[in-house]
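Close look at the chain arrangement
The lines below spell out each chain.
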Amino acid sequence: MGKGDDDLNDYASPACLLHEVDPAYSGLTPPSRNVGQNLPEPSLMEWRRSERARMIAARLAMSARTRNALARRIAGHLDALIGDPAGVLVSGYWPFRGEPDLRDWFRDLRERRGLAALPVVVERGKPLLFRLWRKGERLERGVWNIPVPAAGEPVFPRIVIAPLVGFDAQGYRLGYGGGFFDRTLAALPSSTIAVGVGYEMAEMPTIHPHGFDIPMRHIVTENGIRSHGGKRDRERPFDAGPISP
Ligand SMILES: Nc1nc2c(c(=O)[nH]1)N(C=O)[C@@H](CNc1ccc(C(=O)N[C@@H](CCC(=O)O)C(=O)O)cc1)CN2
Ligand SMILES: Nc1ncnc2c1ncn2[C@@H]1O[C@H](COP(=O)(O)OP(=O)(O)OP(=O)(O)O)[C@@H](O)[C@H]1O
């Protein structure tokens, strides 16, 4: 995808070498044997760690060209989901470790009078805050070197787009393991619409959700939209209709 006014070019060095770990190395129980069971806490943590490594390695194994093609398809589904973005505040993310690059889509959203925001890590163990991400916004490197708006009052997105490492059939999202989006969604009004975004290959039978894991209202991959907001949505998982403002 193209470079823009707010591009930081060398941001993308991975914050860790997780993607180089061979999942077979961990020797953990395969996920299919654990579906529907309550794993003891330490082994669940270990299992999540190895699943993260496996998922990140798999997406980084795709070429940048393939990832960009998938990101364009994801962007098309986001358009169908959100409809007219005018006046709607949507939080996004600055892509790293092979996440779908939706920066062009966010630029386009702003051109259609939508408002974009980026998450800021305040501190480990605390909710994220969001700052407006306007055209020409000055970005600085935040925690883990992720670019964040350098200044601005906190804003409260109506739609939170959460990049995912894995997702399951219930709409639960596996992230990088900081618990940031769970804490953040718990702190935001319940009217906030959480949209998990990732590649179809990130689907897993279950992430073995904890009590604190908050399911996404929608999961968007290159294949379409899965909605988990209500009974009717669940019956028509690929026909969610636009989100009304
Ligand atoms: N592009 C993008 N930006 C984002 C997120 C995201 O998922 N994607 N976040 C979504 O939350 C927040 C950052 N979350 C992160 C959480 C953990 C690590 C990380 O590197 N963690 C350590 C291990 C941490 C631990 O286990 O305690 C590591 O992998 O080495 C990086 C970012 C805010 N910005
Ligand atoms: N609402 C919460 N309140 C307190 N602790 C939480 C909350 N949500 C998550 N945590 C803590 O965060 C840790 C990581 O959670 P989890 O494995 O779900 O992260 P993740 O969803 O993969 O990461 P992220 O959201 O940062 O991408 C958990 O072990 C838990 O202790």
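We now turn to the structure provided with this report.

How each quantity is defined
Residues numbered from 1 in each chain as written. Chains lettered and ligands numbered in written order. Predicted model: local features only at pLDDT ≥ 70, side-chain atom pairs only at ≥ 80, totals over all residues. Heavy atoms only, no water. Salt bridge = Lys/Arg side-chain N within 4 Å of Asp/Glu carboxyl O. Helix = DSSP H or I, 4+ residues; strand = E, 2+ residues; numbered from the N terminus. Buried < 20%, exposed > 50% of the residue type's maximum accessible area, 1.4 Å probe, protein only. Near = heavy atom within 4 Å. Polar contact = N/O pair within 3.5 Å; in protein donor to acceptor, adjacent residues only side chain to side chain. Areas by Shrake-Rupley, 256 points an atom, 1.4 Å probe, with all protein chains shown as cover.

**Side note on the pattern of salt bridges**
One pass over the structure, following the stated rule, counts 11 salt bridges. Residue Asp-213 pairs with Arg-48 through a salt bridge whose shortest N-O separation is 2.8 Å. Linking Asp-213 in the loop between strand E10 (203-204) and strand E11 (218-221) with Arg-48 in helix H3 (residues 41-60), this pair joins segments that are 165 residues apart in sequence. An identical accessibility class is assigned to Asp-213 and Arg-48; each is buried. A salt bridge links Arg-134 to Glu-137, with the shortest nitrogen-to-oxygen separation between them at 3.0 Å. Overlapping salt bridges bring together Asp-79, Asp-108 and Arg-112 as one network.

**Let's talk about the site of ligand 2**
The local shell around ligand 2 holds 15 residues, among which Arg-48, Arg-52, Arg-173, Gly-175 and Phe-180 are the closest. Residue Tyr-176 places a main-chain N or O atom 3.1 Å away from an oxygen atom belonging to ligand 2. Separating an oxygen atom of ligand 2 from a backbone N or O atom of Gly-179 is a distance of 3.0 Å. With the chains in place, 77% of the 650 Å² that ligand 2 exposes on its own is no longer accessible. When contributions to the shell around ligand 2 are tallied by element, the ones reaching two or more residues are H3, strand E8 (173-174) and helix H6 (180-187). Top element by residues in the shell around ligand 2 is H6. It accounts for 4 residues.

From the geometry alone we can't say anything about function, so treat these as descriptive.
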